[in-house]
Amino acid sequence: MTETTPKDQGAAPPVAAKKPHTFTHHGVTIEDPYNWLRDPGYPEVTDPEVLGHLEAENVWFEARMKPHQDTVETLLAEMRGRIKEADKSVPQKDGDWLYWIEYEEGAEYKKWWRRPVAGGPDELILDEVALAEGKEYFRLGALSVSSDGRLLAWAVDDNGSERFTARIKVIATGEVLPDVIPGTLSALVWAAGDRALVYSLANAQWRTDNARLHWLGTPVESDVELYHEDDEGFRVSAGLSANDEWLVISTGDHETSEVRLVPAADPLAAPLLVKARAVGVEYDVDLRGETLFIHANDTHENFRLATALLSSPQEWTTLIEGTDDFYLTGFDLFRDFYVVEGRVRGLDRIEVRYYDDPARIEPIVFPEASYEASLGDNPEWAMDKLRVSYESMTSPASVYDFHVAEGRLELLKTQEIPSGYDASLYETARLEIAARDGTLVPVSVVWRKGRAHGGPLYLYGYGAYGIAIGPGFSTTRLSLVDRGFAYAIAHIRGGDDLGRRWYKDGKLEQRTNTFHDFVDVAKGLIAQGFTAAGRIAIAGGSAGGELMGAVVNSDPDLWGAVAAHVPFVDVLNTMLDEDLPLTPGEWPEWGNPIEDKAAFDLIRSYSPYDQVQAQAYPPMLVTAGLNDPRVTYWEPAKWVAKLREMKTDGNELLLKTNMGAGHGGKSGRFEGLRETAEEFAFMLAQLGVAV
């Protein structure tokens, strides 16, 4: 039994029972006495002992955070004060309509609006506030207006499980059609002249192994499977080509992909396979007329852009060569030009290019040396100006229109901070810090001018799946920076910040580079006078939570406080369980320890749960989501239980499980802010920083 229950009112930390459980792989037997925290009925969690333990941890969390509630409320008020509560996006034209979203004062969720381009009244097409009423959790997954503007399809998850229910309504009357499609995990794509929807269902392992066609007005049981994927590690998705003429059905895992094309007007037509999958080759496709444009890594790891004829889709001709210098991350086709996006030395680059003149390249020039920039919503085929998003560590998010013919940026909106913000009070730098193998790791840092030498520092990292963490703006971050913190982002290997090689050098056999980079960045920041050992608060979530677990095992003395959100810490057990939704599609990222002893040994050597040891650990705040399908709740629960057993210090260790949420934590604008305020209050208290 769990020794501490909710009735104890947080008098002592919960101590989880230890129950014998062993397993053997590759001749190695491992004991896992906290395995019982995985409810055998998952994804339904009903075991009274499991729920009792999680509730006891929540009671302990509340009891230990109670003295800091004034700080939480102060921080929350600051964070809310930086949000323009009554706000709206810049309208964007799509066909005969202008579309935008709007938040009302105090609202957790947004409303979706449109009005005719030719003039007429505003029209509310979807009210998230009304849909979320009375629900502990609400998330809009997909939203799609039919090409004739008459119908709206949308999908909602109301428990955090990331299984969405799709519905359809007539916009003009508000009539909700009887069509209901439960269990979706995909976009909703209109086809066949708006008479049908293409979508994907999540299977029992929470993977989309299908693309399905639903004819409006017919039973969902009679929906047609357009494509089924037999490889259990692959996931299927569908979308429309830029000219809306083709359904693009894609399947792939983290290193291999394959694309089929189907006429959008005739979705039951035989699909056209662009090129058969080859292990390690990723590609995506769009079309202009009879020409395919293919973004692929077959000739260079940083991708090239190639073309092919629709009549011979497997014969690719290079349009833009792959290079070491330019990491080509994607492209968008328009009627008169196309746009490529990528990164040069880790910084975003957007280029306008022309079909009739390959040598004509027009980059969009931005004013700062370090920033994030990307194409925004550009829904039409014939565009003469492009919606662009921009921000930096010191510049709030801005929306521009780039007038293509003039090469001119027009500022449409800058994020408003009602409580005030003066960019001149802050400084930012992009550093390079040598890791232990000599590799230079970029670090983005922001601080308030006049900050004390060697003060507290907040260091964030992720480092997985080729996901880059850009040097963007954050209003919540100011609550730390204005109290003397420097805030740093370590662009460690495992992300693709510096290109595909940067990603590969942090995965599989190179995984420990990610952890070493993070530790070495921290030591480099200490050496440069930004902070001192024990004055560093660190945070990461999901795979970034795995990072947190690895570095508290290896270098506990460096950290003054740790936040590990929905952390992927039971890596070995998860990668050995092919029935879990996370697992088969993850083997290309982490390795397959079932078949490969070397992968088994490597994962075991860094898996945070397996490497917990009898030593002093820094103060730690850990979060989980009971309905999380990505990092299951028992991973952080088991990790915290083992830490409580093994650690030799008296430092704070807290676990908060959201009993009605999933991987992203609480939903809504302000509920999510409260969790950030709790994290920051925890860190301020542990580092002894005055509020």
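In short, a report on the structure. (Residues numbered from 1 in each chain as written. Predicted model: local features only at pLDDT ≥ 70, side-chain atom pairs only at ≥ 80, totals over all residues. Heavy atoms only, no water.)

## Observations regarding the packing of helix α2 (residues 69–81) against helix α12 (residues 669–687)
As a packed pair, α2 and α12 sit with axes 8 Å apart at the nearest point and diverge in direction by 130 degrees. With respect to α12, the element α2 is oriented oblique. Considering only the axes of α2 and α12, their crossing is right-handed. Where α2 approaches α12, its residues Gln69, Thr71, Val72, Glu73, Leu75, Leu76, Met79 and Arg80 are matched on the opposing element by Phe670, Leu673, Arg674, Thr676, Ala677, Glu678, Phe680, Ala681 and Leu684. Looking at the contact of α2 with α12 residue by residue, the classes come out as 10 nonpolar, 3 polar and 4 charged. (Axes fitted to C-alpha atoms, helices over the stretch in contact; angles between N-to-C directions. Helix = DSSP H or I, 4+ residues; strand = E, 2+ residues; numbered from the N terminus. Parallel < 35°, antiparallel > 145°, perpendicular 65-115°, else oblique. Left-handed = near helix turned anticlockwise from the far one by under 90°. Contact = heavy atoms within 4.5 Å. Nonpolar A, V, L, I, M, F, W, Y, C, P; charged D, E, K, R; others polar.)

## Let's talk about the pairing of strand β21 (residues 291–296)
Consecutive side chains of a regular strand alternate in pointing toward one face of the sheet and then the other. With 5 of 6 residues buried, β21 is to be regarded as a mostly interior element. Taken together, the 6 bridges between strand β20 (residues 283–288) and β21 define a ladder with antiparallel strand orientation. By the bridge assignment for β21, Leu287 is matched with Leu292. Judged from the 6 bridges that link them, β21 and strand β22 (residues 304–309) form a sheet pairing that is antiparallel. In the strand pairing of β22, His295 is matched with Leu305. (Buried < 20%, exposed > 50% of the residue type's maximum accessible area, 1.4 Å probe, protein only. Pairing = 2+ DSSP bridges.)

## A closer look at a negative patch on the surface
Among the surface-exposed residues, Asp230, Asp231, Glu232, Glu509, Glu578, Asp579, Glu595 and Asp596 lie close enough to one another that they form a single negatively charged patch. A relative accessible area of 69% places Glu595 in the exposed class. (Patch = residues over 30% accessible without salt bridge, like charges linked within 9 Å, V, L, I, M, F, W, Y side chains within 5 Å. Areas by Shrake-Rupley, 256 points an atom, 1.4 Å probe, with all protein chains shown as cover. Salt bridge = Lys/Arg side-chain N within 4 Å of Asp/Glu carboxyl O. Lys, Arg positive; Asp, Glu negative; His and termini not counted. Charge placed at Lys NZ, Arg CZ, Asp CG, Glu CD.)

## Some words on helix α1 (residues 48–65)
The end-to-end C-alpha distance of α1, which contains 18 residues, comes to 25 Å, matching closely the 26 Å that a straight helix rising 1.5 Å per residue would cover. Glu49, Val50, Leu51, Gly52, His53, Leu54, Ala56, Glu57, Asn58, Trp60, Phe61 and Met65 are the residues of α1 that are buried. Looking at the packing, one finds that the buried side of α1 touches α2, β38 (620–625), α11 (634–646), β39 (653–658) and α12. With a side-chain oxygen lying 2.8 Å from the backbone nitrogen of Glu49, the N-terminal cap of α1 falls on Asp47. (Expected span 1.5 Å × (residues − 1). Polar contact = N/O pair within 3.5 Å; in protein donor to acceptor, adjacent residues only side chain to side chain.)

## Re the sheet that holds strand β18 (residues 257–263)
What the 4 strands build is an open sheet, ordered β16-β17-β18-β19; its pairing is antiparallel. Sheet topology places β16 (235–240) and β19 (272–273) at the edges, where each strand pairs with a single neighbour.

## Details of the packing of aromatic side chains
Counted under the stated rule, the structure contains 24 aromatic pairs. Taken together, a centroid distance of 5.4 Å and an interplanar angle of 85 degrees make the contact between Tyr633 and Trp634 edge-to-face. For the residue pair Tyr633 and Trp634, the accessibility class agrees, reading buried in each case. Members of the aromatic cluster, each reached through a chain of ring pairs, are Phe366, Tyr371, Tyr390 and Tyr400. Just above the ring of Tyr354 sits the side chain of Arg360; from NZ or CZ to the centre is 3.7 Å. Just above the ring of Tyr487 sits the side chain of Arg477; from NZ or CZ to the centre is 4.4 Å. (Phe/Tyr/Trp six-rings, centres within 6.5 Å; stacked < 30°, edge-to-face > 60°. Lys NZ or Arg CZ within 6 Å of the ring centre and 35° of its normal.)

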